[in-house]
Amino acid sequence: MLNSLFRGTCAAALISAGQMAVAADWSLDAGSSKLAFGSIKKDTVGEVHSFESLTGTVDSAGTVRVAIALPSVETFIDIRNERMIEHVFKGAELAELTAKVDIATLEALQVGDTTLTDVEGTLSLLGREIGVETEMFVARLSERKVMVSTSDMLFLGVEEAGLTEGVDILQTLAKLSGITRTVPVTARLVFETDGETAQAAPAPEEVTQVAAVGDPVKGKKVFRKCSACHSLEEGKNGAGPSLHGVVGAASASVEGFKYSGAFQQADLTWSADALARFLADPKGVVPKNRMAFRGLKKEDDIANLIAYLGQEG
């Protein structure tokens, strides 16, 4: 249960750090932030809980520290709060999350833009050091404020966090037939700064300019949107042609695949720039093509996918 919570919080803090310019220290806006988790008792009764006191900082070197005040747990039943503090947390005051982040790779996020990022860190809880990682959604609200939240609902159990004994005691004291040992978790954290932040570089005006600066690791995830129809294996065609060697190849040139008339007449060379234009607007670049794909909206996704295609193809 608690490991789920801490994983979400840690990830959020890490991503927040990534959006922050090197010149400023950042602190958690507790009033705008929330860490919530759910539980199910007796197989049918669902409840939502949270921690009411969170503090955190990210310094100019990219060191992240987030503290969760364990006695601030709020389950909306006083006796249950007391039992969790005593038996689950064993009277401990804090759980602490620490991490070191590469600010430079993420600080280019524009005000108003959003992104998804994989992050990892370490949770210190009741004498244990627990590695945590997840994917988070990041939104830069202003030059001085960022919001991060869980991208997907997290589901983790109590065993690896060392909390099984405490939850067993809760179940016995409450005379319950069962308490879920795997729970959903959500996190929303807002970080802000009073210092000077570096202005993110202006976004490219043309989508073609992103083609050469992608991250193939992130592009592998983007390719999942393509894999239902396309393979990267040479000669293996599906609903669409194999994309093996596509970067730099002529359009409609894969042997054994029957192209639509639109692609046969396109007469394109799939340079990085041409791919970037096509991935952003398939119907605009090749009118009347039969693909169901509507295009990628984010320039980072386009650049990352092209980098992956170039590396794997």
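Conventions used here
Residues numbered from 1 in each chain as written. Predicted model: local features only at pLDDT ≥ 70, side-chain atom pairs only at ≥ 80, totals over all residues. Heavy atoms only, no water. Helix = DSSP H or I, 4+ residues; strand = E, 2+ residues; numbered from the N terminus. Buried < 20%, exposed > 50% of the residue type's maximum accessible area, 1.4 Å probe, protein only. Contact = heavy atoms within 4.5 Å. Areas by Shrake-Rupley, 256 points an atom, 1.4 Å probe, with all protein chains shown as cover. Phe/Tyr/Trp six-rings, centres within 6.5 Å; stacked < 30°, edge-to-face > 60°. Salt bridge = Lys/Arg side-chain N within 4 Å of Asp/Glu carboxyl O. Arc of directions from axis to C-beta. Axes fitted to C-alpha atoms, helices over the stretch in contact; angles between N-to-C directions. Parallel < 35°, antiparallel > 145°, perpendicular 65-115°, else oblique. Left-handed = near helix turned anticlockwise from the far one by under 90°. Nonpolar A, V, L, I, M, F, W, Y, C, P; charged D, E, K, R; others polar. Pairing = 2+ DSSP bridges. Polar contact = N/O pair within 3.5 Å; in protein donor to acceptor, adjacent residues only side chain to side chain. Core = buried A, V, L, I, M, F, W, Y, C linked by side-chain atoms within 4.5 Å. pLDDT = per-residue confidence, 0-100.

Asks: Now, about the overall build of the protein chain: what can you tell me, with residues and values included?
Replies: When helices and strands are counted, the protein chain shows eight helices and twelve strands. Of all 313 residues assigned to the protein chain, the portion counted as buried reaches 46%. Looking at the protein chain alone, contacts between residues at least 24 apart form 65% of all its contacts between residues at least 6 apart. Carbon and sulfur atoms make up 50% of the accessible area of the protein chain, which amounts to about 15,600 Å² in all.

Asks: If you had to explain the packing of aromatic side chains to someone new, which residues and values would you point to?
Replies: In the structure shown here, the tally under the stated rule is six aromatic pairs. A centroid spacing of 6.0 Å and a plane angle of 45° characterise the contact between Phe 51 and Phe 89, whose relative ring orientation is tilted. Taken together, the positions of Phe 51 in strand 3 (residues 45–51) and Phe 89 in the loop between helix 2 (78–88) and strand 7 (94–100) put the pair 38 residues apart, joining distant regions of the chain. Accessibility classification places Phe 51 together with Phe 89 in one group, the buried group. Every member of this aromatic cluster is reached through a ring pair, and the members are Phe 37, Phe 51 and Phe 89.

Asks: Explain the pattern of salt bridges residue by residue, including any values.
Replies: By the definition in use, this model includes six salt bridges. Across the pair Lys 145 and Glu 192 runs a salt bridge whose closest N-O atoms are separated by 3.5 Å. One end of the pair, Lys 145, is in strand 10 (residues 145–150); the other, Glu 192, is in strand 12 (residues 182–192), and 47 residues separate them in sequence. Here Lys 145 falls in the partly exposed class, since its relative accessible area comes to 26%. For Glu 192, a relative accessible area of 29% translates into the label partly exposed. The network of salt bridges with common partners includes Asp 29, Lys 145 and Glu 192.

Asks: Quick one: what's the story with the environment of Glu 143, residue by residue and with numbers?
Replies: Tracing the chain through its elements places Glu 143 in the loop between strand 9 (128–142) and strand 10. On a C-alpha basis, the gap between Glu 143 and Gly 112 in space is 9.4 Å, while along the polypeptide they are 31 residues apart.

Asks: Break down helix 2 for me, with residues and values.
Replies: Within helix 2 the residues assigned to the buried category are Arg 80, Asn 81, Met 84, His 87 and Val 88. The arc enclosing the buried residues of helix 2, seen along the axis, measures out at 160°, which places them on a common side. Turned more than 90 degrees off the buried face of helix 2, the exposed positions are Asp 78 and Glu 86. In this structure, the buried residues of helix 2 make contact with strand 2 (34–41), strand 3, strand 6 (73–74) and helix 3 (164–173). Lys 90 lies just past helix 2 and shows a positive phi near 55°.

Asks: How would you explain the packing of helix 6 (residues 272–280) against helix 8 (residues 299–312) if you had to name every residue and give the values?
Replies: Where helix 6 contacts helix 8, the axes come no closer than 10 Å and their chain directions differ by 130°. Classified by the interaxial angle, the pair formed by helix 6 and helix 8 is oblique. Once helix 6 is placed against helix 8, the crossing between them reads as right-handed. Here helix 6 contributes Ala 272, Leu 275, Ala 276, Leu 279 and Ala 280 to the contact with helix 8, which in turn contributes Ile 302, Leu 305 and Ile 306. Across the contact of helix 6 with helix 8, the residue classes tally to eight nonpolar, no polar and no charged.

Asks: Describe in detail the pairing of strand 2, supporting the description with residues and values.
Replies: Counting buried positions along strand 2 yields six of eight residues, so the element is predominantly enclosed. As paired strands, strand 2 and strand 12 are joined by four bridges and run antiparallel to one another. Looking at the pairing, Lys 34 lines up with Arg 188 of strand 12. Two elements, strand 2 and strand 3, share seven bridges in a ladder whose sense is antiparallel. Pairing of Ile 40 across the sheet is with Gly 46, part of strand 3. With antiparallel pairing between neighbouring strands as the criterion, strand 2 and strand 3 make up a hairpin whose turn holds three residues, including Lys 42 at a positive phi of roughly 55°.

Asks: An account of the side chain of Arg 80 is needed here, citing residue identities and associated values.
Replies: Mapped onto the fold, Arg 80 is located in helix 2. Separated by 2.8 Å, the side chains of Arg 80 and Glu 47 make a polar contact.

Asks: Requested: an account of the nonpolar core, with residues and values cited.
Replies: Counting residues in each nonpolar core, the largest one holds 40 residues, and the members touching the most others are Phe 51, Ile 68, Leu 70 and Phe 191. Broken down by element, the residue count for this core peaks at five residues, all from strand 12. Counting 23 residues, the second-largest nonpolar core is a separate cluster that includes Phe 223, Val 246, Val 286 and Ile 306.

Asks: Account for unusual backbone geometry, naming residues and giving values.
Replies: Notably, Phe 76 is not glycine yet its phi reads approximately 70°, a positive angle. Take Phe 76: it is sitting in the loop between strand 6 and helix 2.

Asks: Can you break down the confidence of the model for the protein chain residue by residue, with the values?
Replies: For the protein chain, the average pLDDT comes to 79, and 83% of its residues sit at 70 or higher. Across the protein chain, helix 2 holds the top mean pLDDT of 94, while helix 1 (residues 2–19) sits lowest at 38. Contacts for the low-pLDDT stretch residues 1–24, under 50 throughout, to residues beyond four places or in other chains number 115 contacts. Across residues 197–211, confidence stays below pLDDT 50; counting only partners more than four residues off in sequence or on other chains, it has 36 contacts.

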